[in-house]
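The residues making up each chain are set out below.
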Amino acid sequence: VGHEELFERLPLDGRVTVDIRKAEPVRVVSETAGKDSPKNPDRGDDLAYVIYTSGSTGRPKGVAVRHRNIGSLMTIGQKCFGFGADDVWSLFHSASFDFSVWETWGALTNGGSLVVVPKELTRDPARFHRLVSETGVTVLNMTPTAFARFEEADAQAPAPLALRKVIFGGEAVDLAAVRRWWNRHQAGAPELINMFGITEVTVHATIKKLLPEELGNSVSPIGRPLPGYTIRVLDPHGREQPVGVVGEMHVSGAGVAGGYLNRPELTAERFVPADPDNPGAGTAYASGDLARWLPDGELEYLGRTDRQVKIRGFRVETGEVEAALATHPQVESSVVTTSRHEDVPRLVAYTVPVTGAELSAADLRDHLAERLPSYMVPALVVPVAEIPLNANGKADLTRLTAIDLTPGETRAEHAPPSTKEERALVDAWVEVLGVGRVGVRDNFFDLGGDSIRSVQVLAAVRRRGLTFELSDLFQHVTVERLAVLCLPYEAAVQELEPFSMVTAEDRARMPEGVVDAYPMTALQTGMVYEMEADNTFSPYLNLDSFRLLGRFDEVLFRRAVGDVVARHEVLRTSFGMRGFDELLQLVHATAEVPVVVEDVRELSEGGREERIAACVRRERGISFDLSVPGLLRFFVHVLGDREFQWTLVEHHAILDGWSLNSTLGEIIGRYAVLLRDPGASREPAPVSRF
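Here the structure is a predicted model, which means the values were calculated and not measured.

Q: Just to check I follow, could you spell out the overall build of the protein chain for this structure?
A: The number of helices and strands found in the protein chain is 22 helices and 28 strands. For the protein chain, the share of sequence-separated contacts (at least 6 apart) that also reach a separation of at least 24 residues comes to 63%. Entry remark: accessible area of the protein chain is about 34,100 Å², with carbon and sulfur atoms responsible for 51%.

Below you can see the structure in the form of structure tokens.
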């Protein structure tokens, strides 16, 4: 069934063909129809399809979409867009991506035509552009990333297009591509429409007609809810966010699916009451998507909660960084993600320049520094020719993160070191920054340096017999300029002897097993005071819990924890609050961090989650004995053969956000080494001491 002119291109092998534009309508009447026939019941709640989406634990979730969900979407779509029998739709997307539901039934329920796009053409923008032109497609649905490639093909080989509507979905709109399209095509012919949606609410939930005069007002406009839908922007406690404040979107309406197939616990977690104060308000889907209301009553999309990362102890929404990059006139598109070096996460921005432009990492960092806090400025800015796509037409993070992370501009004019000082600095930068090659004119911060790594560089340089003032690195950011300020370093002279920072009287009072001591800082003293003054709230008792995929070996995990504790003095620290002339940190020769392991594999999924939640509730109310070293404790719940939950409690006076992440990363890294080789030797203690 199709159009006659298309049949010549198809391998029909004698199959019967019907040109839908010439076929006579046929009414089928059941032979058993009559007054005694049972009435056709309303089957709107019957399952129409199950489509799987990725899960945060690695286990895909099957979204159960009902017939009435699809029917409501098609009815609303017809009212909003006026689709009709003259429309020609392209089926560009895979059946595993729910955009295809909109494409298929949008055409068929309105009597239109559907052009099924061969898979190879979806990967070839030029050939797909020709197909759209030759088949007279009027309704084109694409992810913004795929449209950017379609727009490039349109610019390189213009051809007559019958497009009436171009509808974006699946990810944040690419405003740079929209602007370039409008430079060649009259605005409104075709209309460009951005729609936000999620599989769990049946494809679409909002609508925004893009207009040139509004394009600069929002970095990712998604408009208003579709008719019959309600969106609430909530904080983590379920409270409505005011205009301009970021929150999670909760979507309710006729498109909300029936939940996750055979996953009742997960369904209860994500499909929640639309209004807790009104039991009759129906169900809302807690989307995990971030947005904020604008003063004009429309929504601005700001990324995913699961793309939220922690950098140097700060929570960062990568969508906000991408939004700031989009305001640079020479950036066509970008993707911001993280990489790890020495188990420390760092932000990386992959940027595509507009045609003919040359992006400078330094310029982009300066541009972002004017708009974002310093911790949100990417450590690395990597120019790329294009953003690779996955099968659904979205950015492929796996392929992106396989790209060499040395910024391109640092390779262009490589100047090798020529003196002893320059060679020591280059080696230290390569070691700390994890880049393949460093030239003496490369900028420390463009290579991924930051305040934390500057301390690590200083330690690495001192191991090579040189030193410099830490502030010099921030003023003289190249090896060439910093090398002339380096001086010889005698480690033995610089190192403080144990107990050199306490009085002889206090040293004589030290408990057995203490190998060093020094005064508590003012910040630590304040934290301890607040904790001791308010045992009910415990403001500096921090608790985190992580779901990890992989085999759990209790013996090796305990060894990994013990090895890391042995390397770091701060993990063997207690606080001397009484009996000394001043408040002291006491470093013990040994310390044991408790590791409590519970196997909950035999419990149901709900039972496992409740056991973990009970552990969290219990541990929030248990403080630490400050006189006992090792002011942290671990709990492991074994969930499956290759899955476990790691819950930890720590006193904030010994670890801040960055050092906690570094410690946990080191434990996991050591555990991974031991899994591969249980006999692997332990790393020596670091040169830099707390």
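Q: Please explain the packing of helix 9 (residues 318–326) against helix 10 (residues 361–369) as it appears in this structure.
A: Pairs of packed helices are described in terms of their axes, by the angle between the two and the distance that separates them. The N-to-C vectors of helix 9 and helix 10 enclose an angle of 110°; their axes lie 10 Å apart at closest approach. Compared by their axis directions, helix 9 and helix 10 come out roughly perpendicular. Judged by the twist between their axes, the crossing of helix 9 over helix 10 is right-handed. Along the contact surface, helix 9 presents Val321, Ala324 and Leu325, while helix 10 presents Leu364, His367 and Leu368. Of the residues assigned to the contact of helix 9 with helix 10, the class counts are five nonpolar, one polar and no charged.

Q: Even after reading the chapter, I still don't get the sheet that holds strand 27 (residues 632–640), so can you show me in this structure?
A: Pairing between the strands of a sheet comes from backbone hydrogen bonds, and it takes one of two forms, parallel or antiparallel. One open sheet accounts for four strands, arranged 23-28-27-26; its pairing is mixed. Each edge of the open sheet is held by one strand with a lone partner, namely strand 23 (541–549) and strand 26 (595–599). Taken pair by pair, the neighbouring strands of this sheet meet at an average axis angle of 15°, ignoring direction. Bridging between strand 23 and strand 28 (residues 643–651) involves nine bridges; their strand directions are antiparallel. Of the residues in strand 28, the one forming a bridge with Leu543 is Val649. The strands touched by helix 20 (residues 554–567) within the sheet are strand 26, strand 27 and strand 28, with strand 26 carrying the most contacts at an inclination of about 160°.

Q: How should the packing of aromatic side chains be read in this particular structure?
A: Aromatic ring pairs are reported here in terms of the distance separating the ring centres and the angle at which the planes meet. On inspection of all chains with the given rule, the structure shows 22 aromatic pairs. Ring centres of Phe128 and Phe150 lie 5.7 Å apart, and the angle between their planes is 65°; on these two criteria the pair is classed as edge-to-face. With Phe128 in helix 5 (residues 125–135) and Phe150 in helix 6 (residues 144–156), the pair connects residues that are 22 residues apart, well separated along the chain. Residues Phe128 and Phe150 agree in their burial class; the two are buried. A network of ring pairs unites the aromatic residues Phe92, Phe128, Phe147, Phe150, Phe168 and Trp181 as a single cluster. When the ring centre of Phe624 is taken as origin, the NZ or CZ atom of Arg633, which lies over that ring, is 4.4 Å away.

Q: How should I be thinking about helix 19 (residues 522–533) in this particular structure?
A: For an α-helix the count is 3.6 residues per turn, leaving residues at separations of three or four pointing the same way. Counted at 1.5 Å a residue, the expected span for helix 19 with its twelve residues is 16 Å, and the 16 Å between its end C-alpha atoms agrees. Looking only at helix 19, the buried set comprises Gln524, Met527, Val528 and Met531. In an axial view of helix 19, the angular spread of the buried residues amounts to 95°, which keeps them on one side of the axis. The outward face of helix 19, more than 90 degrees from its buried face, is lined by the exposed residues Ala522, Tyr529 and Ala533. Considering only its buried residues, helix 19 is in contact with strand 23, strand 24 (573–576), strand 25 (584–588) and strand 28.

Q: Explain unusual backbone geometry here, please?
A: When glycine is set aside, most residues are seen to have a negative phi, and most peptide bonds are trans. Here Val203, not a glycine, exhibits a phi torsion of approximately 80°, which is positive. Mapped onto the secondary structure, Val203 falls in the loop between strand 7 (191–194) and strand 8 (206–209).

Q: What is the right way to read the pairing of strand 13 (residues 283–293) from this model?
A: In terms of burial, strand 13 is largely enclosed, as nine of its eleven residues are buried. Strand direction decides the pairing type here: strand 11 (residues 247–252) and strand 13, joined by five bridges, are antiparallel. Bridge pairing links Glu248 to Leu290 in strand 13. Two strands pair when backbone bridges link them, and strand 12 (residues 271–273) and strand 13 are joined in this way by three bridges, in the antiparallel orientation. Bridging from a neighbouring strand, Pro273 pairs with Thr283 of strand 13. Pairing analysis gives four bridges linking strand 13 to strand 14 (residues 299–304), with the strands arranged antiparallel. Looking at strand 14, one finds that Trp293 is bridged to Leu299. In textbook terms, the turn of a hairpin is the stretch between consecutive antiparallel strands, and for strand 13 and strand 14 this stretch comprises five residues, one of which, Gly297, has a positive phi near 85°.

Q: Is there a simple way to think about the confidence of the model for the protein chain in this case?
A: Detail in the predicted coordinates should be disregarded across regions flagged by low pLDDT. Chain-level pLDDT for the protein chain is 84 on average; 86% of the residues reach the 70-or-more range. A low-confidence stretch, residues 25–35 stays under pLDDT 50, and its non-local contacts, those more than four residues away or across chains, total one contact. Here residues 407–412 scores under 50 on pLDDT; set against residues more than four positions off or in separate chains, the count is 15 contacts.

Q: What am I meant to see in the nonpolar core here?
A: Among the nonpolar cores identified, the biggest contains 42 residues, and Trp102, Ile167, Met249 and Leu299 are the most heavily contacted of them. Those elements giving two or more residues to this core turn out to be strand 1 (47–53), strand 2 (61–66), helix 2 (67–81), helix 3 (99–108), strand 10 (230–234), strand 11, strand 13 and strand 14. Among the elements that take part in this core, helix 2 stands out by supplying five residues, more than any other. Leaving out residues up to four positions away in the same chain, Leu299 has contacts with Ser220, Pro221, Ile222, Gly223, Ile231, Val233, Met249, Ala291, Arg292, Trp293 and Leu294.

Q: Would you take a moment to explain the sheet that holds strand 25 for this structure?
A: Strand order across the open sheet formed by three strands is 22-25-24, with antiparallel pairing between neighbours. Pairing within the sheet leaves two strands with one partner each, and these edge strands are strand 22 (514–519) and strand 24. On average, each strand axis in the sheet is tilted by 30° relative to the strand beside it, whichever way the strands run.

Analysis parameters
- Residues numbered from 1 in each chain as written.
- Predicted model: local features only at pLDDT ≥ 70, side-chain atom pairs only at ≥ 80, totals over all residues.
- Heavy atoms only, no water.
- Helix = DSSP H or I, 4+ residues; strand = E, 2+ residues; numbered from the N terminus.
- Contact = heavy atoms within 4.5 Å.
- Areas by Shrake-Rupley, 256 points an atom, 1.4 Å probe, with all protein chains shown as cover.
- Axes fitted to C-alpha atoms, helices over the stretch in contact; angles between N-to-C directions.
- Parallel < 35°, antiparallel > 145°, perpendicular 65-115°, else oblique.
- Left-handed = near helix turned anticlockwise from the far one by under 90°.
- Nonpolar A, V, L, I, M, F, W, Y, C, P; charged D, E, K, R; others polar.
- Pairing = 2+ DSSP bridges.
- Phe/Tyr/Trp six-rings, centres within 6.5 Å; stacked < 30°, edge-to-face > 60°.
- Buried < 20%, exposed > 50% of the residue type's maximum accessible area, 1.4 Å probe, protein only.
- Lys NZ or Arg CZ within 6 Å of the ring centre and 35° of its normal.
- Expected span 1.5 Å × (residues − 1).
- Arc of directions from axis to C-beta.
- pLDDT = per-residue confidence, 0-100.
- Core = buried A, V, L, I, M, F, W, Y, C linked by side-chain atoms within 4.5 Å.

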